[in-house]
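Structural features, examined
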Amino acid sequence: MTLRRLCPGDLAAFQAYRHDPEVGRWQGWQPQTDAQALAFLAEMATCPLFAPGQWTQLAIADDLTDQLIGDLGIHISDDATEAEFGFTLARAAQGRGLASAAVREALQRVFAETPVQRIHAQTDARNTACLRLLQRLGAAHVARIEAEFRGEPCIEHRYELARRGG
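Conventions used here
- Residues numbered from 1 in each chain as written.
- Predicted model: local features only at pLDDT ≥ 70, side-chain atom pairs only at ≥ 80, totals over all residues.
- Heavy atoms only, no water.
- Helix = DSSP H or I, 4+ residues; strand = E, 2+ residues; numbered from the N terminus.
- Rg over C-alpha atoms; globule rule 2.2 N^0.38 Å.
- Buried < 20%, exposed > 50% of the residue type's maximum accessible area, 1.4 Å probe, protein only.
- Contact = heavy atoms within 4.5 Å.
- Areas by Shrake-Rupley, 256 points an atom, 1.4 Å probe, with all protein chains shown as cover.
- Lys, Arg positive; Asp, Glu negative; His and termini not counted.
- Charge placed at Lys NZ, Arg CZ, Asp CG, Glu CD.
- Polar contact = N/O pair within 3.5 Å; in protein donor to acceptor, adjacent residues only side chain to side chain.
- Pairing = 2+ DSSP bridges.
- Axes fitted to C-alpha atoms, helices over the stretch in contact; angles between N-to-C directions.

Here we come to the overall build of the chain. Of regular secondary structure, the chain possesses four helices and seven strands. Helices and strands in the chain line up, N terminus first, as β-α-α-β-β-β-α-β-α-β-β. Computed over the C-alpha atoms, the radius of gyration of the chain is 15 Å, within 12% of the 15 Å expected from 2.2 N^0.38 for a compact globule of 166 residues. Based on the C-alpha atoms only, the size of the chain along its principal axes is roughly 40 × 35 × 30 Å. The 166 residues of the chain split such that 47% are buried. Taking contacts inside the chain between residues at least 6 apart in sequence as the whole, the part at least 24 apart equals 61%. When the accessible surface of the chain is split by element, carbon and sulfur atoms take 51% of a total near 8,700 Å². Here the chain contributes 17 positively and 21 negatively charged side chains, and the mean placements of these two sets differ by 6 Å.

The structure is reproduced here in structure tokens:
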């Protein structure tokens with residue numbers, strides 16, 4: 001697995017997994033038209049990485065073929081002290097430790113390249129694969145939140161990781 005910039009050449013793979021209802025089940029995004037997705041990929045190809053107040057979406061690519069297999073988003077707070085992350089992985093790439101490796105690498109980059117002190121993720125309690133990943137990363141469970149997702153009440157769990165030594 002390699003983290004790299006998204007690019008317009010990723011359109012077919014991006015659309016394939018972003019239009020898979022099972023992959024998108026717990027995601028906050030909705031599938032886009034090809035034109036919308038292409039504009040998004042072009043924007044992410046050139047936007048500043050880890051800019052305060054902005055989302056950065058990185059490609060998760062197969063390290064042998066460079067084929068897009070997922071993406072990972074990181075939002076840096078306006079004051080650059082905190083960040084939030086989320087990730088999506090194509091169904092065929094799931095269950096092989098690739099999401100864990102991608103998230104671990106992305107978090108290391110955020111801590112190395114920004115003043116961020118704490119990174120968090122929040123997910124639906126029913127998203128057990130994500131919960132297990134957050135626990136494997138050593139994230140601390142800090143909150144149980146009553147929420148609404150796609151018009152239904154749900155419980156979300158927030159996990160945090162702090163900068164080491166900070």
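Here we come to the environment of Arg 5. Looking at where Arg 5 falls in the secondary structure, it is placed in strand 1 (residues 2-5). What makes Arg 5 partly exposed here is its relative accessible area of 29%. For Arg 5 and Thr 56, which are 51 residues apart along the polypeptide, the C-alpha to C-alpha distance reads 9.3 Å. Setting aside anything within four residues of it in sequence, one finds Arg 5 in contact with Asp 10, Met 44, Ala 45, Thr 46, Cys 47, Leu 49 and Ala 59. A polar contact of 2.9 Å, which involves the side chain of Arg 5, links it to the backbone oxygen of Met 44. A distance of 2.6 Å separates a polar side-chain atom of Arg 5 from the backbone oxygen of Cys 47.

Moving on: the sheet that holds strand 6 (residues 140-149). Across the sheet, which stays open at both edges, the seven strands sit in the order 1-2-3-4-5-7-6 with mixed pairing between neighbours. The open sheet is flanked by strand 1 and strand 6, the only strands paired with a single partner. Ignoring strand direction, the axes of neighbouring strands in this sheet form an average angle of 30°. With seven bridges connecting them, strand 5 (residues 118-124) and strand 7 (residues 152-162) associate as antiparallel partners. When the bridges of strand 7 are listed, Asp 124 appears paired with Glu 156. Relative to strand 2 (residues 55-61), helix 2 (residues 34-46) is tilted by about 100°, and along the sheet it contacts strand 1 and strand 2. Packed on one face of the sheet, helix 4 (residues 128-136) meets strand 4 (82-89), strand 5 and strand 7 and runs near 155° to strand 5.

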